[in-house]
Amino acid sequence: MILPINSANNRINFSAEKKSEPQTTNPLEDSVKKLPYSHDTLLKNNFWTRTRIGFDKFTNAMTLYPAKGLKGSRNSNFYEFLTMGSVPYLVGSLMLMSVFNTNSKFNVFGRSKAAPLGRKMALGVLFYGLAKQISKSFISTPVKALTGVDMNVPYAKVVYEHPEYVDDSDITSVEYHKVYESVDFPYWQMLYNENNGKPRNEYFDKIAQKLGMGTNLNDSDQEVKPLIKEVITKARAATNISSYLWAAVGLGVAFQEPWDDFFKVMTWKFWDKQKIVKAATTFKDSLFDSAKAFYHGEGKGFTKHAGKFLLGAAAASTILGIINVMNISGKPAKMSAGDVIDKKEKYVVN
Amino acid sequence: MRTNLIQNYIVNNNLSMGSSQKQENTPSFSVQDKLYNRTFIKPLPPTAKLVNGSILNAPAELVKDWVYEAKSFKNGFAGKANDHELGKLNDVGMKLGGLAIACYLAARKATPLTKVMEFVGLGSFLGAMSLWPKLAIQLPAKLIHNINTRQAYEDSNGRKKPFPLDTQFLPFDLFSDKKIDKIGDWQRVPKDLPNRRDFIQEKMRKEYVQNNTLWMMTAGFATPVMSALICNVSTPYIEKFLANRDNKLNEKMLEAFPKSVEAAKDNSLLDRVNTFIQFNKDKPLNDNVRKELSSIFTQGINPVLADGIELDIENLLENKKFIIDNSITEYINKNITLTLTNSIDEDIAKQIVPTTDQISAIFEKGGYLNKAYEPQEHTKLIYELRSALIDNVNSFNKIEGNPKLNPDFIEDLVSNVDLQADPIKKGLKKVPARTFDVELQKTVKSIAETLTDFNAKQAVLHRYAYKKVAHAADSTLAFEYNKITGQIAKILKIDPKEFENMRYDRELMNKLIRSTFIRIASDKQEYTSVMTQLADLVSGLDTNIKDSDISSFNKHLSNSFSDTATELNSSGMKHTVDRLLGLNPQSGRGSYRKVMEDFVADRLHGVKYAMYRLISSLDMFRRIETLENASVLTNPEIPREVKEAHLEMSMREALQAHSSDYAIKFYDPRNPHFNTQDKSPIEFNADGTPNYKYLGKEKLKKVDVPQDYKYFQNTMDLMHGGSMHSETEAILKPKNLLEKLNDYRKNIVEIIGGEKYFIKPEHIATIEKESTSEQRFLLSGISLDELFTKLSNQKYNTKSWLKTFGGFGAGLLAVTVLAQFFFGKTKIPEYKDNKVQKNA
């Protein structure tokens, strides 16, 4: 169904408006949702932004997106589906804890030692997710330092949705994406300076300089873009492999015996300060001891060193990945455009 | 007709097919050719298709996927991959990570059960993760809406993707009209609806979105519950498999004892001793050498044994003689100075202490130099050295202006009976005459070899004993015990509901077992059936833990100890041998060997006697019900009232008594003025319960009757004395249990019955017999009401757990399926204009 983008009767402007902009006197317009962004905006990749985005995504994944999805809304999109993907991790971990932690009431698992195993699995699911997420920075941070390309630079995308009904004025929403989330179609536009008095290609100039292509290039963006693509592709390929190996390390650490100490004092009673402090300190000790136990192992031969091998594999995949990223193949030599096109050959532009 | 610009271009430039054909080796793609044929200006026809998800097609798809993944890997690392390939690489990473986890868990040191459970746990978790969307989403969606929520398609570039992944981009073109119509028909979309295909597609889109969301919302709850249910259901089977496998491996380990010992050998002690020998060879045997060697031998060893080893090493490296040479002169000088400075000025002390030259001269003059002496041969030398000191004091006193020193006082200062406190005696013992010579090196090495061998044998035997009988979840004995006790309630046909209800109260449980036992014992057919099943269960224990296993273990144990003792004896390690074999090697009392032997025997007895008590108690009930082999109850001399008391006490104690009850609480308050005239036989009601004529009929002041010293003996006799019931004997005999049961009952009468009954010391059943509390504890096994209360609790817990989480799982599944009936609801548009083209 095609709906008018502007309802003349209500004089409602559908475009996204910034909160700080002056309000009209129309009460109907005041009731319209005000977004923090009026257009796609590049964000700074810092701790505060990441936390804010994470919180926004998490709350939406628990509330708004499922509501839209279950209604079958035509605005429920792939971004929302992916964002909801974090829910099973968290719910699953909590659920595992409760399934195996009902010992006081049902002593079923006492005999088969399933209770400690179940709790370790719960911790394992959590650590798997955490290690997978955190380890991504093991590649992105050095890559950023060495090339200037930040794989995770975020931007806020203002999305214009289909109206759900005829008078629906709430048709804008904000999604948080990353400029380089697609290697096929990076959102280059975000990286140019527009109307702020700074050189338009500032971002690309910096990267060109970092990659040793010199300064003062005529078209630094055109020269650097293929290289950025290569860096991103290689780095993402390495991350996709290494993050799962780090996740395995996380799970391995969660499966160590010292955690039993923590599970003995673990509590959900957040109001009981004494118990919480005790649980927190024990968690810290157990984590430290478990990491040690994971590294040192027991027994002899492969059994003893399995933890070291796993850690080694994860570290090696990360380091090799970074080396591969730095080995940029297609650095263009400085040549004039005239040399690039051989006039004797035939070309088809497609 | 519009002008075709491309045609004009071709005509104006005089291009023709001919010009391109003239060139040799032209690529198959020719711009001119395409332009001429006008195919180039149209988009290429799409080649996307839905993936056939049938099982027959799966292998081909799998191979295709692998090839694609390999290509993605190559492109990814060359920096040429596209988004889809990078996504595939993510799948590769996930598989690699899974493989890494599997390898790590397989390599981890853990008990086999824990290891397998880790695999089952993770496996069931991953299984549940992929099963849930298939079972709760895909299947109902197919049945309710006839759509496949896990349909895959391949785009024109050969990239495989799940169809409903991005619900704002659903390539419906891939569905034929027929297929879409079929789905519409299933969903009861009116056949005459204008733009029917669009309407159905919109409905499908909605369903895909809703199903995707439902999947994400429910997976977190469903996966752990499903995984736990899978674990719970599969655990008994895994336990059984592992227990049998472990038992076989364990038996093989003992069968090939020398080989197992060789494999268990840890040469670290030998290595440490060799290093020690290398470092200390031919050095004098001073205290440090002794201490170091002791610590090498005792590292990580049982402290009792370690004490013995320490003493033996001390003796082995003992020094008897010490060398007098010039290297000790300075040491003696310093020692004396140090002792004197405690009482007099250091300056003065330095002036009177014999100089190194003086001391050296004394050694030379007396002919002591470079000779070895025992400490008792030092007397003359000590006197000479002290004299030198006194001479110095006298000389010092003669010098004018010096303070006057008392020579006797000075002599007292440097004289002490304690070797360590006397500076001169201590000094003379500085250089031991004995060195760590070749002979000693050989002995030490041989001890290390013996102990290495012994440790390896111990490791094998410990492991065997542990796996066979230890109080651990994965021992054969624990498995057998759980297997047997798990079936008892079923064999006794106790009502499960009633059984669970009694779990909080042992008194109530006691009543339930008593009525069950009476029910069984009063019916011959039921008794035979139940006793046969119980006997089968208990004899099963003997198949997995054979008597020959235990005797073989004891033989290896005894041999390894005596071999080691012989070797150690020849090296002079007498204290160690004492600790290994005990002071009386024949009985082994108080020895390390006996501890190990008894550990196995006691564990076995503990479990076997618990089972024997069950059989023996049921037999007693049968004897009472039939009045066969129950002489106490049929004895015409015993008054009826006393018989009734005997009967009641026997039934109660058979089910309830603990070992401590026999020792201190075994007293039975009853009527002291019982009717001595009525000697009629015991009677029973139709349901088998005793029909008491006296017991509990009158409210009397009850007391224990110490004069009736035969009362306790008679009760013991009714419970465990004489023969078992003839029916029981007929059942037990072919299963080789009769003799064991009779031995057990005899032991009870002798050991528990013969125990000093200290409240009434004269009231012992037979002759007094010495026994340990451990023996009495083992003999009394587990009291039946306690055993049944534990079983009932366990059963209730398992059931409640299953009910709670099974219920939760079932509820979640129901909600997930039911929700789908409300999916895809789309209002059918009303068309006012009838002229709209119908496409259906």
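Residues numbered from 1 in each chain as written. Chains lettered and ligands numbered in written order. Predicted model: local features only at pLDDT ≥ 70, side-chain atom pairs only at ≥ 80, totals over all residues.

### Topic: the overall build of chain A
And then number 1: Broken down by element type, chain A carries 12 helices and 3 strands.
And then number 2: Burial status across chain A gives 34% buried among its 350 residues.
And then number 3: Within chain A, residue pairs in contact and separated by at least 24 positions form 61% of the contacts whose partners lie at least 6 positions apart. (Helix = DSSP H or I, 4+ residues; strand = E, 2+ residues; numbered from the N terminus. Buried ≥ 20, exposed ≤ 12 C-beta atoms within 10 Å, placed from the backbone. Contact = placed C-beta atoms within 7 Å.)

### Digging into the interface of chain A and chain B
And then number 1: Residue-level contacts link 59 residues of chain A with 56 residues of chain B.
And then number 2: By residue number, the principal contributor to the side of chain A that touches chain B is helix α8 (residues 220–254) of chain A, which donates 14 residues.
And then number 3: Of the residues that constitute the side of chain A that touches chain B, the class distribution is 32 nonpolar, 19 polar and 8 charged. (Nonpolar A, V, L, I, M, F, W, Y, C, P; charged D, E, K, R; others polar.)

### Some words on unusual backbone geometry
Residue and element names in this part refer to chain B.
And then number 1: The backbone of N146 sits at a positive phi, close to 60°, despite the residue not being glycine.
And then number 2: With respect to the helices and strands, N146 occurs in the loop between α6 (112–145) and β2 (152–154).
And then number 3: Its 15 C-beta neighbours within 10 Å are what place N146 among the partly exposed residues.
And then number 4: Despite not being glycine, N195 shows a phi value in the positive range, around 50°.
And then number 5: Tracing the chain through its elements places N195 in the loop between α7 (177–186) and α8 (196–255).
And then number 6: You can call N195 partly exposed: it has 16 C-beta atoms within 10 Å.

### Comments concerning the sheet that holds strand β3 (residues 172–178) of chain A
Residues and elements named next belong to chain A.
And then number 1: On the basis of which strands lie adjacent, the open sheet formed by 3 strands has the order β1-β2-β3 and antiparallel pairing. Edge positions in the open sheet fall to β1 (41–42) and β3, since each of these has one partner strand only.
And then number 2: Taken together, the 2 bridges between β1 and strand β2 (residues 154–160) define a ladder with antiparallel strand orientation. By the bridge assignment, L42 is partnered in β2 with Y155. (Pairing = 2+ DSSP bridges.)

### Quick notes on the sheet that holds strand β3 (residues 160–162) of chain B
Residues and elements named next belong to chain B.
And then number 1: Strand order in this open sheet of 3 strands is β1-β2-β3, and the pairing throughout is antiparallel. The open sheet has two free edges, formed respectively by β1 (49–50) and β3, since each of these has just one partner strand.
And then number 2: The pairing of β2 with β3 spans 3 bridges and is classified as antiparallel. Paired with E154 across the bridge in β3 is K160.

### What to know about the nonpolar core
And then number 1: Counting 104 residues, the largest nonpolar core has L245, A248, V249 and L310 of chain A together with V225 of chain B as its most contacted members.
And then number 2: For this core, the leading source of residues is α8 of chain A, giving 18 residues.
And then number 3: Contact partners of L310 of chain A, with chain neighbours within four places excluded, come to A248, V249 and G252 of chain A together with A100 and Y104 of chain B.
And then number 4: By size, the runner-up hydrophobic cluster in this structure holds 89 residues, among which are L477, L718, I731 and L778 of chain B. (Core = buried A, V, L, I, M, F, W, Y, C linked by C-beta atoms within 7 Å.)

### Regarding the packing of helix α4 (residues 58–78) of chain B against helix α5 (residues 83–107) of chain B
Residue and element names in this part refer to chain B.
And then number 1: For the pair α4 and α5, interaxial distance at closest approach is 9 Å and the crossing angle is 110°. For the element pair α4 / α5, the angle class is roughly perpendicular. Each of Y68, E69, S72, F73, N75 and G76 in α4 lies in contact with α5, whose residues at this interface are E85, L86, K88, L89 and V92.
And then number 2: Of the residues in the contact of α4 with α5, the class split is 5 nonpolar, 3 polar and 3 charged. (Axes fitted to C-alpha atoms, helices over the stretch in contact; angles between N-to-C directions. Parallel < 35°, antiparallel > 145°, perpendicular 65-115°, else oblique.)

### Describing the pairing of β2 of chain A
And then number 1: When β2 of chain A meets β3 of chain A, the two strands line up antiparallel, connected through 7 bridges. Counted as the bridge partner of P154 of chain A is K178 of chain A from β3 of chain A.

### Digging into the confidence of the model for chain A
All names here are of chain A.
And then number 1: On average, residues of chain A score 81 in pLDDT, and 79% of them reach the 70 mark or higher.
And then number 2: Note that residues 19–24 has pLDDT below 50 and, in this model, 4 contacts with residues that lie over four places away or in other chains.
And then number 3: Of the regions scoring below 50 in pLDDT, residues 107–112 engages in 14 contacts with residues more than four places distant in sequence or in other chains. (pLDDT = per-residue confidence, 0-100.)

### A few points about the confidence of the model for chain B
Residues and elements named next belong to chain B.
And then number 1: For chain B, the mean per-residue pLDDT works out to 83, and 90% of the residues sit at or above 70.
And then number 2: When mean pLDDT is taken per element in chain B, helix α31 (residues 726–732) scores highest with 95 and helix α2 (residues 17–22) scores lowest with 44.
And then number 3: Contacts of residues 16–24 to residues separated by more than four positions or lying in other chains number 8 contacts, the stretch itself having pLDDT below 50.
And then number 4: Ignoring residues within four places in sequence, the model shows residues 836–840, a span with pLDDT below 50, making 12 contacts including any to other chains.

### As for the environment of F674 of chain B
Residues and elements named next belong to chain B.
And then number 1: Relative to the helices and strands, F674 resides in the loop between α29 (659–665) and β6 (683–684).
And then number 2: Owing to 18 C-beta atoms within 10 Å, F674 belongs among the partly exposed residues under this scheme.
And then number 3: Remark: the alpha-carbon pair of F674 and V642, spanning 32 residues in sequence, is separated by 7.4 Å.
And then number 4: Ignoring any residue separated from it by four or fewer positions in sequence, one finds F674 in contact with P639, E641 and V642.

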